[in-house]
Amino acid sequence: MCNFFILLIRIKLILISIISILDHIMSKDFNQLSPRAKQTYLDNLRHSTAHVLAEAVLKLFPQAKLTIGPPIEDGFYYDFDVKKSFTPKDLKIIEKEMRKIINKNTEFIEHEVTRTEAKLSVKNNSYKLEILDSISDNEKITLCSHSDGNFEDLCRGGHIKKTGEIKAFKLMSSAGAYWRGNEKRPMLQRIYGTAWESKESLEKYINKREEAIKRDHRKLGKDLELFFFDELAPASPYFLPNGTIILNQLYKYLRELYKKYEYKEVVTPQIFDTELWKISGHYSNYSENMYFIQQDEKEHGVKPMNCPGAALLYKSKSHSYRDLPLRLADFGRLHRYERSGVTHGLTRVRTFTQDDAHIFCTTDQIAPEIKSFLEMLSESYKTFQFNKLRFTLSTRPEKKVGNEKIWDNAETILKNVLDEFSSEYSIEDGEGAFYGPKIDVFVPDAIGREWQLGTVQLDFSLPERFNLEYTAQDGSRVNCVVIHRAMLGSMERFLGVLIEHLAGAFPLWLTPLQTIIIPIADRHINYCKSINLKLKDSGIRSEVDESNDRMNAKIRNAQIKKIPYMIIIGDNEIKKESISVRTRSKNDSNINSITNLIEKLNEEINLRSI
RNA sequence: GCCUCAGUGGCGCAGUGGCUAGCGCAGCCGAUUUGUAAUCGGCAGGUCGUCGGUUCGAAUCCGACCUGGGGCUCCA
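My aim in this report is to walk through the structure given alongside it, one point at a time.

Definitions and limits used
- Residue positions within a chain follow its written sequence, with the count starting from 1.
- To label them, take the chains in the order written and letter them from A, then take the ligands in the order written and number them from 1.
- Local features are withheld for residues below a pLDDT of 70 in this predicted model, meaning they are given only at 70 or higher, and side-chain atom pairs are given and counted only at 80 or more; totals for whole chains, interfaces and linings count all residues.
- In computing side-chain properties, one takes all heavy atoms of the structure into account and sets aside hydrogens as well as water.
- Two rings belonging to Phe, Tyr or Trp (six-membered ring only in the last case) form a pair when the distance between their centres is within 6.5 Å. Interplanar angles under 30 degrees mark stacking, angles over 60 mark edge-to-face geometry, and anything in between is tilted.
- Only protein chains enter the area calculation, which uses a 1.4 Å probe; residues under 20% of their type maximum are buried, those over 50% are exposed, and those in between are partly exposed.
- Consider the ring centre and the ring normal. A charge sits over the ring if Lys NZ or Arg CZ is within 6 Å of that centre and within 35 degrees of that normal.
- In DSSP terms, a helix is any run of H or I states spanning at least four residues, a strand is any run of E spanning at least two, and both are numbered starting from the N terminus.
- Any two strands are treated as partners once DSSP identifies two or more bridges connecting them.
- Here a residue is considered near a molecule or strand provided that any single heavy atom belonging to it is located within 4 Å of it.
- What qualifies as a polar contact is a pair of N or O atoms within 3.5 Å, subject to a donor-acceptor requirement within protein and to the restriction that residues adjacent in sequence count only when both atoms come from side chains.
- The residue classification treats Ala, Val, Leu, Ile, Met, Phe, Trp, Tyr, Cys and Pro as nonpolar and Asp, Glu, Lys and Arg as charged. All others, Gly included, are polar.

## So, the packing of aromatic side chains
Inspection of the entire model under this criterion finds 27 aromatic pairs. Where Phe-80 meets Phe-86, the ring centres are 5.9 Å apart and the plane angle is 75°; that geometry is what we call edge-to-face. The same class applies to Phe-80 and to Phe-86, which are both buried. With 5.3 Å between their ring centres and 75° between their planes, Phe-434 and Tyr-435 make a pair best called edge-to-face. Classification of Phe-434 as partly exposed rests on a relative accessible area of 24%. Relative accessible area serves as the criterion here: at 15%, Tyr-435 is assigned to the buried category. Among the aromatic residues, ring-to-ring pairing joins Tyr-253, Tyr-381, Phe-384, Phe-386, Phe-494 and Trp-509 into one connected group. The lysine or arginine in question, Arg-190, covers the ring of Tyr-77, its NZ or CZ lying 3.6 Å from the ring centre.

Right, here's the structure in full:
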């Protein structure tokens, strides 16, 4: 009996090794493909896995209606119209069912059908019928089947050969999603999954995801005591001393750039009579996102944007063409009511500060101003080593102010600047603001979700609504052009993305505590204090760890807090009047004198190196 | 706003109807004075998100609300 089990186990082991060898051969083939062919194969694989998912769901929940199941980055999803929602337990059961289908290793067969045949095959499914209606007459209509014809789905195509090719997949999560992405249409149940050409790739992906989750700014914000949230002010961050140091360093940096790029900074009010929001158009276009306050029998609006205030400030005196371009920076705090369910850590909040500025200029100055802004932006993003930037150009929406000619002109200017700027960008048709076209900059967070940071927008509406004029050379009164621009965007959002980008290990110039001095024994504390004094005198943020811990524990604590430099002091250092330096990255440091260290620290800070 | 999951000391978690709600870290006190990622011992800290209901009895079951997470929608 015992021998029999051993035999069984051996057979199983042999089978497993055969499978892994096959897997290896498969992935070797895959690795020889061109990057483009790789992507096509993965798309086909993922889309095919979605088909298998659909069959499994139908088997377990026969009343479910199929809708769509496309491949997405790293995986796929399938939307079902089904009464119940899927629990994590359901996902496990579905996954099991999928494995059964995969083990049968049946072929995916695509075949073309007539519209009538297609309609007949999906006659009870209003979603598929709607899809059919959206397919034009000159397009092919195809059905795809697998499991020897036991499962069939209306589908554009792009599959792998057999279900057995699906070697490595996992259902990740379920969520509600509106049909056709429209919140007025029914909510479907979506299942997200991931699929890869080999088990190794799947594992790699899952590990990478887990690592990324560790960099979540909400977790690091707590661990490093940067900020917190409280339910009495939902979606409104409190910045703790550590987080505030970082923010202030960012402001300091921005003000240096403003000096270089010739901006002037102003401060404007927080709350305005509703009258202002009526003039600016916010009252009719943006009031559902605004906070209102009733006072002295008057309605007031808390500012969601700085521009109307900036307009009033511009109007406070008369301007000549000689004043332009006038670049006014405003770090005003904004409040926007965001619907519950859309807020997200620091990256989507209800109160925030932008590194906002308004540039009042002539038409001729638009192009050079935008170019100069993009230069400043790229200079600053380089400082943070953001290398995965994505630029978009958003063009005229349906609801807009200004005539077609003005828009043509504005869009052309932005396009030319972007072309000259030689960065890749995509055009988002109809996504511009009602008052003008814009360029946006997107940066991904740890798990790849993109956040809009920088933005530059032309505005034809504001000068008209507020009558923002200047006196031209010929003495005539001309409306100026307003350019809204934010470089880092919202400081809160920027910090959130930055934390994830750096995994909480801030460069020396930003980090809350730059050096920590660790005495090995209490008798070393006085010497540590004298070192600390020297560092602080040179403007370094430094502390002595006087806790009762052992040196090892102090080093560990400093590592966890990601403090860039640890200075360790024992008998040897005191005897030689030197210091011993350890960096958080454990790079060897030959520095053994405090003077040299201070010099090096200041250099690193001034260069803002990462 | 919609779908869904969750909420237990500062943080991370255990506890699925029945003794006084546990554990680790952090904190405080004491001992220890140590050479490059955790020294030992003790103490203190929670009306289990809020309100209501079911029950002899609720952290645990039900409902509403609040807050947060994952999505969808939205995002001047």
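## Focus: the pairing of strand 15 (residues 326-330)
When you tally the buried positions in strand 15, you get five out of five residues, the bulk of the element. A two-sided burial pattern is seen for strand 15, the buried positions comprising Leu-326, Leu-328 and Asp-330 on one face and Arg-327 and Ala-329 on the other. Two strands pair when backbone bridges link them, and strand 11 (residues 264-266) and strand 15 are joined in this way by three bridges, in the parallel orientation. For Lys-264, the partnering residue across the bridge sits in strand 15 and is Leu-328. Bridge analysis of strand 15 against strand 17 (residues 351-361) gives five bridges, and the strand direction is antiparallel. Across the sheet, residue Leu-328 finds its bridge partner in strand 17, namely His-358.

## Notes on the protein's contact with RNA strand B
Near RNA strand B you find 53 residues, and of these Met-305, Ser-340, Phe-434, Asn-548 and Arg-556 are the closest. For RNA strand B, the fraction of atoms within 4 Å of the protein that belong to sugar or phosphate moieties is 51%. A distance of 3.1 Å is found between a sugar or linking oxygen of RNA strand B and a side-chain nitrogen or oxygen belonging to Glu-183. One nitrogen or oxygen atom from the side chain of Arg-550 is found 3.0 Å from a sugar or linking oxygen belonging to RNA strand B. Those elements giving two or more residues to the surface near RNA strand B turn out to be strand 7 (168-178), strand 8 (187-196), helix 7 (217-223), helix 10 (282-285), helix 17 (551-560), helix 18 (571-576) and strand 28 (580-583). Each residue belonging to the surface near RNA strand B can be placed in one class, and the counts come to 18 nonpolar, 17 polar and 18 charged.

By themselves, these observations are geometric and do not establish any function.
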